[in-house]
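Structural features, examined
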Amino acid sequence: MKLELVKCHGSGNDFFIIDEMSNQYELTDEKRAELARAFCDRSTDLGADGILYVLHSDQVDARMRVFNADGSEASMCGNGLRCVARYVCEKLSIEEATIETMKANLHVQNQPDIFEDIPTYLVEISPVSFELTDLPLHLEQESLVNGKIPTLSEELEFTALSVPNPHLVAIVEKEQIGSNLQKEISEYVNGTNELFPDGVNVSFVKPLKKGHIYVRTFERGVGFTNACGTAMSASSLVTCLNGINDKETPIEVYNNGGKVRCVVHEQEGKQSIDLIGNASYLYSCTVDVDVENPHTFTVQDSNEFVDEIMQYAKLQKHASEFLNESMNA
Ligand SMILES: N[C@H](CCC[C@H](N)C(=O)O)C(=O)O
């Protein structure tokens, strides 16, 4: 079978877009998961953090399904939704759209460039819940906001929330960023454990100056990534809960892949976050794959989006210079 792929990224969190809206690939869920395990393997000619399947929606403009590199399906992907937003808006020649995801139909919209000549999209991150049953997180309490989980750490304070995929967020000091602590905690909660039966995305957050934070995330089903859109959104909300940043005000979120902008909203007690950032293409290609054994494939007709790659490198350089200055201030 020949599949058309677009390799894209949001803040360095990279994915393949497979357009099932325009192609009759007739994939089963099992095949979608197997293709993710095969194509995301970075020891092959491909490699990515996940696959974004774009499908027809009976309700709205299009539907997005997200499969992590380990083949697990996630309910949402913020960086990936920006890439799907661009793909769908350009295909339908519209400036904004609504995309059906597993638990919500979400608004997406083309935006002014976050950096010169970089395609930029806003995606709605919601619904937000602090109910532990929505992650799920098995503790004898209804919610966890700046609370301890002694099994994981005696000193860290965590906030657990779903947006709607599950996130565990800790505001930390510089010394704890990049330490083994995050890796140990993340591998535990994403292995067989009593707390998070479905695993969880784990983020360490370092506030920089007001309106600026750094987020590092170990993603469920993937591992450490350059950035995790839903995690950066969840982290922005947690900094607002702690009075570090303000709602309805842009928060610049730095990560290892560059930066995005989040705006936290609250209406009638319900929160949502606008996630604004790049939706960049890296290359397109055709993959000839044996669907019965998806680890057997050849990559053909690969074409790079050279201008986009070069332009994004400028954003990343600019962002990493700011981050280094801030971390060493
Ligand atoms: N690993 C996540 C899905 C991908 C989310 C992330 N890539 C993002 O940009 O939000 C999960 O299993 O919930």
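Residues numbered from 1 in each chain as written. Predicted model: local features only at pLDDT ≥ 70, side-chain atom pairs only at ≥ 80, totals over all residues. Heavy atoms only, no water.

So, on to the pairing of strand β14 (residues 251-255). Among the five residues that make up β14, five are buried, leaving the element largely enclosed by the rest of the structure. Neither face of β14 is left uncovered, since the one carrying Ile251, Val253 and Asn255 and the one carrying Glu252 and Tyr254 both have all their residues buried. By the bridge criterion, three bridges tie strand β12 (residues 212-219) to β14 in an arrangement that is parallel. Considered in β14, the bridge of His212 is made with Glu252. Hairpin connection, β14 to strand β15 (residues 258-267): the antiparallel pair is bridged by two residues. (Buried < 20%, exposed > 50% of the residue type's maximum accessible area, 1.4 Å probe, protein only. Helix = DSSP H or I, 4+ residues; strand = E, 2+ residues; numbered from the N terminus. Pairing = 2+ DSSP bridges.)

Attention now moves to the site of the ligand. Near the ligand, the surroundings consist of 15 residues, among which Gly78, Asn165, Glu219, Gly229 and Thr230 are the closest. For the ligand, an oxygen atom lies 2.9 Å from a polar atom in the side chain of Asn165. The cavity that encloses the ligand is the largest cavity. Taken together, the elements giving at least two residues each to the shell around the ligand come down to β2 (13-19), α2 (78-92) and α4 (229-241). Residues that form the shell around the ligand fall into these classes: five nonpolar, eight polar and two charged. Summarising the domain contributions, the shell around the ligand has at least three residues from each of domain 1 (2-123 + 278-324) and domain 2 (132-274). (Near = heavy atom within 4 Å. Polar contact = N/O pair within 3.5 Å; in protein donor to acceptor, adjacent residues only side chain to side chain. 1 Å grid on protein atoms, 1.4 Å probe; cavity = no way out; pocket = protein on both sides within 12 Å on 5 of 7 lines; lining within 4 Å. Sits in = over half its atoms within 2 Å of the grid points. Nonpolar A, V, L, I, M, F, W, Y, C, P; charged D, E, K, R; others polar. Domains from an automatic or database assignment.)

Inspection of the entire model under this criterion finds two cavities of 30 Å³ or more. Lining the largest cavity are 20 residues, with Val66, Asn68, Met76, Cys77 and Glu219 positioned closest to its centre. Element by element, the count of residues in the lining of the largest cavity is highest for strand β4 (residues 62-68), at three residues. When the residues that make up the lining of the largest cavity are grouped by side-chain class, the tally is eight nonpolar, nine polar and three charged. Both of domain 1 (2-123 + 278-324) and domain 2 (132-274) provide at least three residues apiece to the lining of the largest cavity. Around the second largest cavity, the lining residues are Val215, Arg216, Thr217, Thr225, Asn226, Ala227, Cys228, Met232 and Asn256. (Points joined across faces, edges and corners; volume = space filled by probe spheres on them.)

Our next topic: the pattern of salt bridges. Under the criterion given, the structure shown has 19 salt bridges. Salt-bridge contacts for Asp19 lead to Lys91; the nearest nitrogen and oxygen are separated by 3.3 Å. On the criterion of sequence distance, the pair formed by Asp19 in strand β2 and Lys91 in helix α2 is long-range, its members being 72 residues apart. Across the salt bridge formed by Asp29 and Arg65, the nearest N and O atoms sit 2.8 Å from each other. Note that Asp29 is positioned in helix α1 (residues 29-39) and Arg65 in strand β4, a separation of 36 residues in sequence. (Salt bridge = Lys/Arg side-chain N within 4 Å of Asp/Glu carboxyl O.)

A separate point is the nonpolar core. In this structure, Ile17, Leu52, Met64, Leu81, Ile99, Leu161 and Val253 are the most contacted members of the largest nonpolar core, which totals 50 residues. Counting residues per element, this core draws most heavily on α2, at seven residues. Two domains each provide a minimum of three residues to this core, namely domain 1 (2-123 + 278-324) and domain 2 (132-274). Residues in contact with Leu161, not counting those within four places in the same chain, are Val128, Ser129, Phe130, Leu135, Pro166, His167, Val169, Ala234, Leu237 and Val238. Among the nonpolar cores identified, the runner-up in size contains 28 residues, and Leu144, Val172, Ile185 and Ala319 belong to it. (Core = buried A, V, L, I, M, F, W, Y, C linked by side-chain atoms within 4.5 Å. Contact = heavy atoms within 4.5 Å.)

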